[in-house]
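Chain residues, written in single-letter form:
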Amino acid sequence: AQSVAQPEDQVNVAEGNPLTVKCTYSVSGNPYLFWYVQYPNRGLQFLLKYITGDNLVKGSYGFEAEFNKSQTSFHLKKPSALVSDSALYFCAVRDSRGNNRLAFGKGNQVVVIP
Amino acid sequence: NAGVTQTPKFRILKIGQSMTLQCTQDMNHNYMYWYRQDPGMGLKLIYYSVGAGITDKGEVPNGYNVSRSTTEDFPLRLELAAPSQTSVYFCASSYSYLGEASYNSPLHFGNGTRLTVT
């Protein structure tokens, strides 16, 4: 079955510094990868996805993610973090072989320090 | 645009009580989902539906039931509430074109229902 690992519980970064949130995945077929963000007391919001093609994917709010097949990773990045980026970030994966379910990681809390 | 609407926002239940969490979407999405979110555990799929009249179990269906009589509505029923069902519940929807799996489609989430069972 598909699965996602987000190894860090919390990521602290100073405002203006680059932000990276790590994600690795496991699938038996081809991966369909997604990043979502959750602000307090809200549902998850879609940021970006990788389906096929260019390994660097650009999404909302200046975020981007890089698909690395050999390392089975899909790390989320932002060149210059804002205080308003403080939120909970989830990586998710679907497997091209199997039941089409979306498996979520446990989430990473990002804290941007002014 | 309303998107995905969940009611109620908060609820406290006593052990053994029952309740229905309501979910409705106005985007004409064919797929709908129920997830529960527990701290440090991510989201777990409870049930999902690929269209009106069709439902299927997810990872953690025990203690829950669903129905999908219309495209818009996907209520989640708890029959005998237990403390283990204390969680935040999210409804979501997505669209899949005819003949295409919903692999590419992002999910649209409601704002959640925070349920406490004591």
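Refer to the structure printed above.
In this report, we go over the structure that sits alongside the text. On a predicted model such as this, the values are computed, not experimentally measured, just so you know. Throughout, residues of each chain are indexed from 1 in the direction in which the sequence is written. Starting at A for chains and at 1 for ligands, labels are handed out in the order in which the entities are written. Owing to the predicted nature of the model, reporting of local features is limited to residues with pLDDT of at least 70; listing and counting of side-chain atom pairs is limited to 80 or more, with chain, interface and lining totals taken over all residues. Side-chain metrics in this entry use all non-hydrogen atoms of the structure; hydrogen atoms and water are not considered.

Overview of the interface of chain B and chain A
Quick reminder of the rule: Should any heavy atoms of two residues lie within 4.5 Å, those residues are considered in contact. Buried area: the accessible surface (1.4 Å probe) lost by two parts on joining, summed over both. Definition of a polar contact: a pair of N or O atoms within 3.5 Å, with one able to donate and the other able to accept a hydrogen when the atoms are protein atoms, and with sequence-neighbouring residues admitted only if both atoms are side-chain atoms. Each helix is a run of H or I in the DSSP string that is no shorter than four residues. Each strand is a run of E no shorter than two, and both are numbered from the N terminus. Residue polarity is assigned by list, with Asp, Glu, Lys and Arg as charged and Ala, Val, Leu, Ile, Met, Phe, Trp, Tyr, Cys and Pro as nonpolar; anything else, Gly included, falls into the polar class.
Taken together, the contact between chain B and chain A spans 24 residues of the former and 23 residues of the latter. Interface of chain B and chain A: buried area, both sides summed, is about 1,800 Å²; carbon and sulfur atoms make up 50% of it. Counting across the interface, chain B meets chain A through five residue pairs in polar contact (both at pLDDT 80 or more). Breaking the side of chain B that touches chain A down by element, the ones donating at least two residues are β4 (31-38) and β5 (42-51) of chain B. Here the side of chain B that touches chain A is built from residues that sort into twelve nonpolar, nine polar and three charged.

Regarding unusual backbone geometry
Heads up, the rule is: Burial classification: accessible surface area is computed with a 1.4 Å probe over protein chains only, and a residue below 20% of its type maximum counts as buried, one above 50% as exposed, and the rest as partly exposed.
A cis amide bond, omega -5°, links T7 of chain B with the succeeding residue P8 of chain B. With respect to the element layout, P8 of chain B can be found in the loop between β1 (4-7) and β2 (10-13). Positive phi is not limited to glycine here, since N41 of chain A has a value of about 60°. Checked against the element boundaries, N41 of chain A lands in the loop between β5 (31-38) and β6 (44-50). N41 of chain A gets classed as exposed once you look at its relative accessible area, which sits at 63%. Even without glycine at this site, T72 of chain A takes up a positive phi of about 45°. On the secondary structure map, T72 of chain A appears in the loop between β8 (64-68) and β9 (73-78). Residue T72 of chain A is classed as partly exposed on the basis of its relative accessible area of 31%.

Side note on the layout of surface pockets
The rolling of a water-molecule-sized probe over the atoms marks out the regions of remaining empty space. What counts here: In the cavity and pocket records, a cavity denotes points on a 1 Å grid over the protein atoms alone where a 1.4 Å probe fits but cannot get out, a pocket denotes an open set with protein on both sides within 12 Å along at least 5 of 7 lines, and lining residues are residues with an atom within 4 Å of a point. Grid points are joined across faces, edges and corners, and a volume is the space filled by probe spheres set on the points.
Taken as a whole, the largest pocket holds about 560 Å³ of empty space. In this structure, the largest pocket is lined by 29 residues; those nearest its centre are Q38 of chain A together with Q37, V88, F90 and R114 of chain B. Of all elements in the fold, only β10 (87-95) and β12 (108-113) of chain A together with β4, β9 (87-94) and β11 (113-117) of chain B reach the threshold of two or more residues within the lining of the largest pocket. Residues of the lining of the largest pocket, tallied by class, amount to nine nonpolar, 14 polar and six charged.

Topic: the state of the cysteines
Disulfides are covalent bonds that connect the sulfur atoms of two cysteines. Formally: We call a pair of cysteine sulfur atoms a disulfide when they lie within 2.5 Å.
Taken as a whole, this structure holds two disulfides over all chains when the rule is applied. One disulfide bridge connects C23 of chain A with C91 of chain A, the sulfur atoms lying 2.0 Å from each other. Its S-S torsion of approximately -60° makes the covalent link between C23 of chain A and C91 of chain A left-handed. Of this pair, C23 of chain A sits in the loop between β3 (19-21) and β4 (24-26) while C91 of chain A sits in strand β10, and the two are 68 residues apart along the sequence. A single burial state applies to C23 of chain A and to C91 of chain A, both of which are buried. What pairs with C23 of chain B in a disulfide is C91 of chain B, and their sulfur atoms sit 1.9 Å apart. The disulfide joining C23 of chain B to C91 of chain B has a torsion of about -70° about its S-S bond and is therefore left-handed. Of this pair, C23 of chain B sits in strand β3 (residues 19-25) while C91 of chain B sits in strand β9, placing them 68 residues apart in sequence.

Focus: the packing of aromatic side chains
The description of two aromatic rings rests on the distance between their centres and on the angle between their planes. Note the cut-off: A pair of aromatic rings is counted whenever rings of Phe, Tyr or Trp (Trp by its six-membered ring) have centres within 6.5 Å, and the orientation is called stacked for planes under 30 degrees apart, edge-to-face for over 60 and tilted otherwise. The criterion is that NZ of a Lys, or CZ of an Arg, lies within 6 Å of the ring centre and within 35 degrees of the ring normal, and then a charge sits over that ring.
Summed over all chains, the structure comprises 17 aromatic pairs over all chains. Relative to Y89 of chain A, the ring of F63 of chain A has its centre 5.6 Å away and its plane inclined at 50°; by these criteria the two rings are tilted. Placement of the pair is F63 of chain A in the loop between β7 (56-58) and β8 and Y89 of chain A in strand β10, with a sequence separation of 26 residues. With respect to class, F63 of chain A is no different from Y89 of chain A; both count as buried. Look at F104 of chain A and F109 of chain B: their rings are 6.3 Å apart centre to centre, the planes differ by 75°, and that puts the pair in the edge-to-face class. A residue pair is termed interchain when its members come from two chains, as with F104 of chain A in strand β11 (residues 103-104) and F109 of chain B in strand β10 (residues 108-109). Judged on exposure class, the residue F104 of chain A and its partner F109 of chain B are both buried. Members of the aromatic cluster, connected to one another through ring pairs, are F34, Y36, F46, F90 and F104 of chain A together with Y31, Y33, Y35, F90 and F109 of chain B. The positively charged end of R68 of chain B is found above the aromatic ring belonging to F74 of chain B, 6.0 Å away from the centroid.

None of this, on its own, says anything about what the molecule does.
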